[in-house]
Amino acid sequence: MRRKLIAANWKMCKTPDLAREFVAAFLPLVKDHPRDDIALCPSYVCLPAVVEALRDTQIGVGGQNMFWEKEGAYTGEISAAMLRAVGCSHVIIGHSERRQYFGETDDTVNRKLKVALAAGLQPIVCVGEVLEEREAGLTEQVLERQCNIAFSEISGVEAVPLIVAYEPVWAIGTGKTATPQMAADAHEVIRAQAAKAFGEETAQAMRILYGGSVKPENANALMSKMEIDGALVGGASLDPKSFSAIVHY
Ligand code: 13P
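Bear in mind that the values here come from a model prediction, so they are computed numbers and not experimental data.

Enquirer: Teacher, can you tell me more about the overall build of the chain here?
Expert: Tallying secondary structure elements over the chain gives 11 helices and eight strands in all. For the chain, whose C-alpha radius of gyration is 17 Å, the value lies close to the compact-globule estimate of 18 Å for 249 residues. Dimensions of the chain along its principal axes, counting C-alpha atoms only, are 45 × 45 × 35 Å. A buried classification covers 53% of the 249 residues belonging to the chain. Split by element, the accessible area of the chain, about 11,300 Å² in all, is 55% carbon and sulfur.

Below, the structure written as structure tokens:
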């Protein structure tokens, strides 16, 4: 049995004060709920506040991106070691918004993934098709390409901490959710690619989250699928009540 992970992606929302307020309201709502892993991924400037507020809890903290170089003249970028130094356990890599607005490619995802794993972070690599690709029947092909390139030159042992999030781009922030069956089918494609790259054992243990308009109302149906090992939640993770309702699916 894979332990589920319910992760919040706050994107470019919340200041440190608002992040602390969230945690203060959220912790009592989930304190007797050890069933699943939980992680919060706030903006960089909120990371220290969130790490501090979550001290003495089991809740992880993740960055939303990182650069693959160690340090140097890369204005505006942040390294894996910097994320570790402020107390991050996780990092999101290759979110579709990074691919869409900031030029991320399958290749940059692979470079970042290798460095994140080497730094001891648990990477959450995002993959998913856009609407035109789904309508053209290309979903499987797109996922295979994204995974193949992202997973290249990484061994089964190195890949153990890897988490993948299937986030169909047409479901992000749109209120449209993949049906549990659509998500489960996509997850099988991703797991098959992981098995090719990392071997069956690592692939079977790897968690594959679903992301895209996850809400308290649909969380149970999604999480009931064997193939869905958790959720990466955007909009509905900004409010402590709605995110805790998802945690309690
Ligand atoms: P929404 O939950 O707002 O659709 O966002 C999903 C997402 O992009 C999580 O990374």
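Enquirer: Explain the nonpolar core here, please?
Expert: Counting residues in hydrophobic clusters, the biggest one holds 66 residues, and the most contacted among them are Leu40, Phe151, Ile190, Tyr210 and Phe243. Counting residues per element, this core draws most heavily on helix H8 (residues 180–198), which supplies seven residues. Once residues within four sequence positions are removed from consideration, tyrosine 210 is found in contact with Tyr166, Pro168, Ala171, Thr177, Ala178, Ala183, His187, Leu222, Ile228, Gly230, Ala231 and Leu232. Counting 11 residues, the second-largest nonpolar core is a separate cluster that includes Ala7, Ala39, Ile92 and Ile163.

Enquirer: Hey, could you run me through the site of the ligand in this one?
Expert: Taken together, Asn9, Lys11, His95, Glu167, Ala171, Ile172, Gly173, Gly212, Ser213, Leu232, Gly234 and Gly235 are the residues near the ligand. Within the side chain of glutamate 167, one N or O atom sits 2.9 Å away from an oxygen atom of the ligand. Glycine 173 is positioned with one of its backbone polar atoms (N or O) 2.6 Å from an oxygen atom of the ligand.

Enquirer: Honestly, the environment of lysine 112 in this entry has me stumped. Any pointers?
Expert: In this fold, lysine 112 is placed in helix H5 (residues 106–118). Excluding its chain neighbours within four sequence positions, the residues that come into contact with lysine 112 are Asn65, Met66, Phe67, Trp68, Ile93 and Glu104. Side chain to side chain, lysine 112 and asparagine 65 meet in a polar contact 2.8 Å long. Among the polar contacts listed, one links the side chain of lysine 112 to the side chain of glutamate 104, at a separation of 2.5 Å.

Enquirer: How do you make sense of the packing of helix H7 (residues 139–150) against H8 when you look at a structure like this?
Expert: Axis angle and axis distance: for two packed helices, these are the angle between their axes and the distance between the axes, and together they describe the pair. Packing of H7 against H8 leaves a shortest axis separation of 9 Å and a crossing angle of 35°. The two elements H7 and H8 meet at a crossing, and its hand is right-handed. Facing Glu140, Leu143, Glu144, Cys147 and Asn148 of H7, the residues of H8 in contact are Ala186, Val189, Ile190 and Gln193.

Enquirer: Explain the sheet that holds strand S4 (residues 90–93) here, please?
Expert: Pairing between sheet strands relies on hydrogen bonds along the backbone, with the strands arranged either parallel or antiparallel. Spatially, S1-S2-S3-S4-S5-S6-S7-S8 is the arrangement adopted by the eight strands of the closed barrel, whose pairing is parallel. If you compare each strand with its neighbour and ignore which way they point, the axes differ by 25° on average. Note that S4 and strand S5 (residues 122–127) share four bridges and pair parallel. The residue bridging isoleucine 92 from the neighbouring strand is isoleucine 124, located in S5.

Enquirer: Please clarify how H7 should be interpreted in this entry.
Expert: Each turn of an α-helix holds 3.6 residues, which means side chains three or four residues apart point in the same direction. Relative to the 16 Å expected for 12 residues at 1.5 Å per residue, H7 spans 16 Å between its end C-alpha atoms, a close match to the ideal helical length. Those residues of H7 that sit buried are Thr139, Val142, Leu143, Gln146, Cys147 and Ala150. Buried residues of H7, viewed axially, fall in a sector of 120°; they line one side. Buried residues belonging to H7 abut helix H4 (96–101), H5, S5, helix H6 (131–135), strand S6 (163–166) and H8.

Enquirer: Is there a simple way to explain unusual backbone geometry in this structure?
Expert: Leaving glycine aside, a negative phi is the common case for residues, and trans is the common case for peptide bonds. Its identity is not glycine, yet lysine 14 carries a phi of approximately 80°, on the positive side. Residues other than glycine seldom take positive phi values, yet glutamate 153 does so here, at roughly 60°. Tracing the backbone shows glutamate 153 in the loop between H7 and S6.

Enquirer: Mind showing me how you'd approach the state of the cysteines here?
Expert: Covalent bonding between the sulfur atoms of two cysteines is what defines a disulfide. Counted according to the given criterion, the structure contains zero disulfides. With no disulfide partner, cysteine 13 has as its closest neighbouring cysteine sulfur the one in cysteine 46, 9.9 Å distant. Among the residues examined, cysteine 13 registers a relative accessible area of 30% and is labelled partly exposed. Cysteine 147 carries a free sulfur, and the closest cysteine sulfur to it, the one in cysteine 126, is 11 Å from it. Using a relative accessible area of 0% as the deciding quantity, one classes cysteine 147 as buried.

Enquirer: Hey, could you run me through the side chain of histidine 90 in this one?
Expert: Tracing the chain through its elements places histidine 90 in strand S4. Since its relative accessible area comes to 5%, histidine 90 is described here as buried. A polar side-chain atom of histidine 90 sits 2.7 Å from a polar atom in the side chain of serine 89. Setting aside residues no more than four positions away along its own chain, histidine 90 makes contact with Leu5, Ala39, Gly60, Val61, Gly62, Gly63, Leu121, Gln122, Ile124 and Ile163.

The rules we used
- Along each chain, residues carry numbers from 1 onward, in the same order as the chain's sequence is written.
- Where totals are concerned, whole chains, interfaces and linings use all residues; where local detail is concerned, this predicted model gives features only for residues with pLDDT of at least 70, and gives and counts side-chain atom pairs only at 80 or more.
- Note that the side-chain values use all heavy atoms of the structure and ignore hydrogens as well as water.
- Helix and strand definitions here come from DSSP, where helices need a minimum of 4 consecutive H or I residues and strands a minimum of 2 consecutive E residues; each element is numbered from the N-terminal end.
- Computation of the radius of gyration draws on C-alpha atoms, with the globule rule given as 2.2 Å multiplied by the number of residues to the power 0.38.
- Remark: exposure states derive from per-residue accessible area (1.4 Å probe, protein chains only) relative to the maximum for the residue type, with buried under 20%, exposed over 50%, and partly exposed in between.
- Computed with a 1.4 Å probe, the accessible areas rest on the Shrake-Rupley method; for each residue, only the protein chains presented here act as cover.
- In plain words, nonpolar cores are sets of buried Ala, Val, Leu, Ile, Met, Phe, Trp, Tyr and Cys residues tied together by side-chain atoms within 4.5 Å.
- A contact between two residues is defined here by any heavy atoms of the two lying within 4.5 Å.
- Consider each residue's heavy atoms; a residue with any of them within 4 Å of a molecule or strand counts as near.
- Throughout this description, a polar contact denotes any pair of N or O atoms lying within 3.5 Å of each other; where both atoms belong to protein, one of them has to be capable of donating a hydrogen while the other can accept it, and for residues adjacent in sequence the pair is counted only when both atoms sit in side chains.
- Inter-axis angles, ranging from 0 to 180 degrees, are taken between N-to-C directions of lines fitted to C-alpha atoms, where helices are fitted over the stretch in contact.
- It is the rotation of the near helix from the far one that decides the hand of a crossing: anticlockwise by less than a right angle makes it left-handed, clockwise makes it right-handed.
- Two strands qualify as a pair provided that DSSP identifies no fewer than 2 bridges between them.
- Expected span of a helix, by definition, is 1.5 Å for each gap between consecutive residues, and there is one gap fewer than residues.
- Picture the helix axis, draw a direction to every C-beta atom, and the arc is the one those directions span.
- Cysteine sulfurs are considered disulfide-paired once they come within 2.5 Å of each other.

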